[in-house]
Amino acid sequence: MQIQAITVIRQRGISMLELPEAVVLARQINENISGKRIISATANHSPHKFAWYTGDPADYNERLAGKTIGTAVAYGGHVAIAADEMIIIVSTGLRWHRPEERLPQKHQLLLELDDRTALTATIHMWGVLFCLRDGEDGGMFDIAAAMKKPSPLTMQFDRTYFDALLQDGATNLSAKAFLATEQRIPGLGNGVLQDILWKARIHPKRQMSTLSAPEMRNMYDAVKSILREMTELGGRDTERDLFGNFGGYVTVLSKNTIGTACPVCDNRIKKETYLGGSVYFCDFCQA
């Protein structure tokens, strides 16, 4: 089945996954779960006001029981999992449980598989847990934008494409707003943003119109290199993979490093609230 046939999304910033972790989860699903049959599906076991489903969650078992897990693909901060003619779209963390493991008491999606393993999704803040027939319109939310845009992990995301993102008034935005809002770069969110701007030596509040040509080059190079490194190392050390393990990429700027020394200048890493989330930065290295 071609997951590319999905026609669902008007992106509204609901993805809690970011690109490196979504790619890692998709790869781990393909390596460990593809080919397994879904025995039963339970959605909305633990109601969450910021969990979005397709239609009535009570119908998920009828839609998914008996289906076989196929290929998983990452689109920005979403993982799309084929299950025969159905597609499961998840924008939150997933966990695969072996037969001997205890399932979490709270979960928003549970797929019990034919080898007595299980796949769960538990939402901590917000996320989508869609169950769609291939080609079905998802209504409120949609990943079509992510599907149409080149991933920063590909050659198609080149300097020409990156520079074109500055059109339509984007030069008036801050560096954070440019990189991590409106899904200009699907899957690049407030989490991965921090180390990208640190490597580029650009403050998150810096206006894009003030960046010099070398600084624009630094930003582009940082987007490409940091996202690639995060993905190759299995995600960030602040996020868990399909097995519950933290990623191998050690973040420079994150909740784990507030108040620690910047590895370049030894100044203390700071945290501020900005644009609806936290930004971490070194005010010496990042101008």
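Our structure is the block above this text.
Residues numbered from 1 in each chain as written. Predicted model: local features only at pLDDT ≥ 70, side-chain atom pairs only at ≥ 80, totals over all residues. Heavy atoms only, no water.

**Structural notes on the layout of surface pockets**
The cut-off we apply is this: Grid points spaced at 1 Å and placed over the protein atoms alone form the basis of the search, with a cavity being a set where a 1.4 Å probe fits but cannot get out and a pocket an open set showing protein on both sides within 12 Å along at least five of seven lines. Lining residues have an atom within 4 Å of a point. Grid points are joined across faces, edges and corners, and a volume is the space filled by probe spheres set on the points. Segments assigned H or I by DSSP are reported as helices when at least four residues long, segments assigned E as strands when at least two residues long, and all are numbered from the N terminus. Each residue gets one of three labels, nonpolar for Ala, Val, Leu, Ile, Met, Phe, Trp, Tyr, Cys and Pro, charged for Asp, Glu, Lys and Arg, and polar for the others, Gly among them.
Space inside the second largest pocket adds up to approximately 230 Å³. Leu-19, Ala-74, Tyr-75, Gly-76 and Ser-151 are, among the 16 residues lining the second largest pocket, the residues nearest its centre. When residues of the lining of the second largest pocket are traced back to their parent elements, those giving at least two are α1 (19–32), β3 (69–75) and α3 (144–148). Its residues assigned to classes, the lining of the second largest pocket comprises 12 nonpolar, 3 polar and 1 charged.

**Digging into the packing of aromatic side chains**
Applied cut-off: Side-chain rings of Phe, Tyr and Trp, where Trp is taken by its six-membered ring, are said to pair if the distance between their centres is within 6.5 Å; with planes under 30 degrees apart they count as stacked, over 60 as edge-to-face, and otherwise as tilted. Residue burial is assigned from relative accessible area. The probe radius is 1.4 Å, only protein chains are included, and a residue is buried under 20% of its type maximum, exposed over 50%, and partly exposed in between. Here, a charge over a ring is recorded when the distance from Lys NZ or Arg CZ to the ring centre is within 6 Å and its angle to the ring normal is within 35 degrees.
Counted under the stated rule, the structure contains 8 aromatic pairs. Their ring planes at 80 degrees and their centres at 5.8 Å tell us that Tyr-53 and Tyr-60 sit as a pair that is edge-to-face. Here Tyr-60 falls in the buried class, since its relative accessible area comes to 1%. Between the aromatic rings of Phe-162 and Tyr-220, the centroid separation amounts to 5.5 Å while the plane-to-plane angle is 50 degrees, which identifies the pairing as tilted. Of this pair, Phe-162 sits in helix α4 (residues 159–164) while Tyr-220 sits in helix α7 (residues 213–232); the two residues are 58 residues apart in sequence, bridging distant segments of the chain. Aromatic rings pair up to connect Phe-157, Tyr-161, Phe-162, Phe-178 and Tyr-220 into one cluster. Between the NZ or CZ atom of Arg-201 and the centre of the ring of Trp-198, over which it lies, the distance is 4.4 Å.

**Focus on unusual backbone geometry**
The phi torsion at Gln-183 lies on the positive side, around 50 degrees, for a residue other than glycine. Assignment of secondary structure puts Gln-183 in the loop between α5 (175–180) and α6 (190–200). Residue Leu-275 is not a glycine yet carries a positive backbone phi of 55 degrees. Structurally, the position occupied by Leu-275 is in the loop between β10 (270–274) and β11 (277–281).

**Observations concerning the nonpolar core**
Stated precisely, the cut-off is as follows: By convention a nonpolar core is built from buried Ala, Val, Leu, Ile, Met, Phe, Trp, Tyr and Cys residues, the set being connected through side-chain atoms within 4.5 Å. Contact between two residues is taken to exist if any of their heavy atoms lie within 4.5 Å; hydrogens are not considered.
Counting residues in each nonpolar core, the largest one holds 32 residues, and the members touching the most others are Ile-29, Leu-64, Val-79, Ile-81, Ile-88, Leu-94 and Leu-111. Among the elements that make up this core, the one with the highest residue count is α1 (4 residues). With residues up to four places along the chain from it excluded, the contact list for Val-79 reads Leu-17, Ala-22, Leu-25, Ala-26, Ile-29, Ala-72, Val-73, Ile-88, Ile-89 and Val-90.

**Observations concerning the pairing of strand β4 (residues 78–83)**
Quick note on the threshold: Two strands make a pair as long as DSSP finds a minimum of two bridges between them.
Counting buried positions along β4 gives 6 out of 6 residues, so the element sits mostly inside the fold. Burial along β4 is two-sided: the residues His-78, Ala-80 and Ala-82 and Val-79, Ile-81 and Ala-83 are all buried. As paired elements, β3 and β4 share 5 bridges and run antiparallel to each other. Each bridged residue has a counterpart across the sheet, and for Ile-69 the counterpart in β4 is Ala-83. Between β3 and β4, which pair antiparallel and follow one another directly, the connecting turn spans 2 residues, one of which, Gly-76, has a positive phi of 60 degrees. Between the antiparallel neighbours β4 and strand β5 (residues 86–90) lie 2 residues, among them Asp-84 with a positive phi of about 55 degrees.

**Focus: the sheet that holds strand β2 (residues 51–53)**
Two orientations exist for strands paired in a sheet by backbone hydrogen bonds: parallel and antiparallel. Put simply, the rule is: Orientation is described by axes fitted as lines to C-alpha atoms, over the contacting stretch for helices, and by angles from 0 to 180 degrees between their N-to-C directions.
Taken together, the 5 strands give an open sheet; going across it, the order is β2-β9-β5-β4-β3, and neighbouring strands pair in mixed fashion. Unpaired on one side and paired on the other, β2 and β3 mark the two borders of the sheet. Pairwise comparison of adjacent strand axes, ignoring direction, gives a mean angle of 15 degrees for this sheet. The pairing of β2 with strand β9 (residues 127–133) spans 3 bridges and is parallel. Its bridge partner being in β9, Ala-51 is matched across the sheet by Gly-127.

**Structural notes on empty space enclosed by the protein**
Scanning all chains against the criterion turns up 1 cavity of 30 Å³ or more. Estimates place the volume of the largest cavity at around 40 Å³. The wall of the largest cavity is formed by Glu-21, Val-24, Leu-25, Gly-234, Gly-235, Arg-236, Glu-239, Arg-240, Asp-241, Asn-245 and Gly-247.

**Concerning the side chain of His-97**
To keep things clear, this is the line we draw: The term polar contact refers here to a pair of N or O atoms within 3.5 Å; inside protein, the definition further demands a hydrogen-donor-capable atom paired with an acceptor-capable atom, and it admits residues adjacent in sequence only when both atoms are side-chain atoms.
Looking at the element boundaries, His-97 is found in strand β6 (residues 94–97). Polar side-chain contacts of His-97 include one of 2.7 Å to the side chain of Thr-120. If we skip the residues at most four places from it in the chain, His-97 touches Arg-102, Leu-103, Pro-104, Thr-117, Ala-118 and Thr-120.

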